[in-house]
Amino acid sequence: MNIQAIYDRRSIRKYKDTPVSEKMMEQIIRAGQQAPSAKNRQPWKCIVFENNAKKELLECMECGLEREYKGKAVLPKSRFGLPDARHTLRIMRQAPVLLIILNTNGTSPFLPIDEDRRVSEICDSLSIGAFVQNMLLEAQSMGLGTLWIANTCFAYPELMEYLQTGEQLVGAVALGYPDEEPAARPRKGLEEIVEWRI
């Protein structure tokens, strides 16, 4: 991977119908493993879905989105995001590979936790973000495209039932050969994101 991948990476929403080799996937995941983590806990795990397994997983996600639409929402204040989640589901179906990202130390976001556990969860979330970013950049350097997905939150109960794990579902990454070349999205200026205190 090179530094240019940081500047060239885009969120890809259209994919070619070309498989990604297991060897390439292993290389991408190994890059993720090199991420720093709080107290070296390495709280990340990914499950690779392809073909029929991916189709089954996404049927569960569609059921969750339908439940949200019909009024039995687990995230009622976030209903405005459902149309985007449906669009994301179409992208996930098109991508040849889907990675489900788990926090091995986490539990359901719908359960209360104490302050110490909350701080640990924040630290683990930062670590998992680094894990995912490493994978996105490695994929970019290999000529692959990715989309980092959080819309799995709307179908959390259905996806967790399908996954049969007590670990925390953080999100997903769609991955494959890109079938588009989107322009760079605008970025805030440094004056908006940096405060100097000297």
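> How should the sheet that holds strand β1 (residues 44-49) be read in this particular structure?
Strand pairing in a sheet is mediated by backbone hydrogen bonds. Such pairs are either parallel or antiparallel. Read across the open sheet, the four strands follow the order β1-β2-β4-β3; overall the sheet is antiparallel. Each of the sheet's edge strands pairs with one partner strand only, and the pair in question is β1 and β3 (145-149). On average, adjacent strands in this sheet sit at an angle of 25° to one another, irrespective of strand direction. Contacting β1 and β2 (97-103), helix α3 (residues 51-69) crosses the sheet at an angle of about 60° to β2.

> Which parts of the structure should I look at to understand helix α6 (residues 156-163)?
For α6, every residue scored as buried is listed here: Y156, E158, L159, M160 and L163. Buried residues belonging to α6 abut β1, α3, β2 and β4 (168-176). Following α6 by one or two positions, Q164 adopts a phi angle in the positive range, close to 55°.

> Help me understand α3, please; the structure alone is not making it clear to me.
For an α-helix, the turn length of 3.6 residues means that residues three or four places apart are oriented alike. Taking 1.5 Å of rise per residue, the 19 residues of α3 would be expected to cover 27 Å, and the 27 Å separating its terminal C-alpha atoms lies within 8% of that figure. For α3, the secondary structure elements touched by its buried residues are β1, α4 (82-94), β2 and α6. Of the residues one or two after α3, G71 is the one with positive phi, at around 105°.

> Could you clarify how one ought to interpret the nonpolar core in this entry?
The tendency in soluble globular proteins is for nonpolar side chains to be buried as a group. Counting 28 residues, the largest nonpolar core has L98 and I100 as the members making the most contacts within it. Residue assignment for this core shows that the elements contributing at least two residues are α3, α4, β2, β3, α6 and β4. Counting 20 residues, the second largest nonpolar core, distinct from the first, contains V132, L136, M142 and V173.

> How should I be thinking about the pairing of β2 in this particular structure?
By the criterion of burial, β2 is predominantly enclosed, with seven of the seven residues buried. Residues V97, L99, I101 and N103 point to one face of β2 and L98, I100 and L102 to the other, with burial holding for every one of them. Relative to β4, β2 runs antiparallel, the two being bridged by seven bridges. Residue pairing in the sheet places L102 in a bridge with L169 of β4.

> How should the packing of aromatic side chains be read in this particular structure?
Centre-to-centre distance and the angle between the planes together describe a pair of aromatic rings. For the coordinates displayed, the defined rule picks out three aromatic pairs. Where W44 meets F131, the ring centres are 5.0 Å apart and the plane angle is 5°; that geometry is what we call stacked. Taken together, the residues W44 in strand β1 and F131 in helix α5 (residues 115-141) connect sequence positions 87 residues apart. Overall, the relative accessible area of 2% leaves F131 in the buried class.

> Could you clarify how one ought to interpret the pattern of salt bridges in this entry?
Counted by the stated rule, this structure contains nine salt bridges. Between R118 and E121 there is a salt bridge, with its nearest N and O atoms 3.0 Å apart. Of the two residues, R118 and E121 both sit in helix α5, three residues apart, roughly one turn of that helix. Residue classification places E121 among the buried residues on the basis of a relative accessible area of 17%.

Cut-offs applied
Residues numbered from 1 in each chain as written. Predicted model: local features only at pLDDT ≥ 70, side-chain atom pairs only at ≥ 80, totals over all residues. Heavy atoms only, no water. Pairing = 2+ DSSP bridges. Helix = DSSP H or I, 4+ residues; strand = E, 2+ residues; numbered from the N terminus. Axes fitted to C-alpha atoms, helices over the stretch in contact; angles between N-to-C directions. Contact = heavy atoms within 4.5 Å. Buried < 20%, exposed > 50% of the residue type's maximum accessible area, 1.4 Å probe, protein only. Expected span 1.5 Å × (residues − 1). Core = buried A, V, L, I, M, F, W, Y, C linked by side-chain atoms within 4.5 Å. Phe/Tyr/Trp six-rings, centres within 6.5 Å; stacked < 30°, edge-to-face > 60°. Salt bridge = Lys/Arg side-chain N within 4 Å of Asp/Glu carboxyl O.

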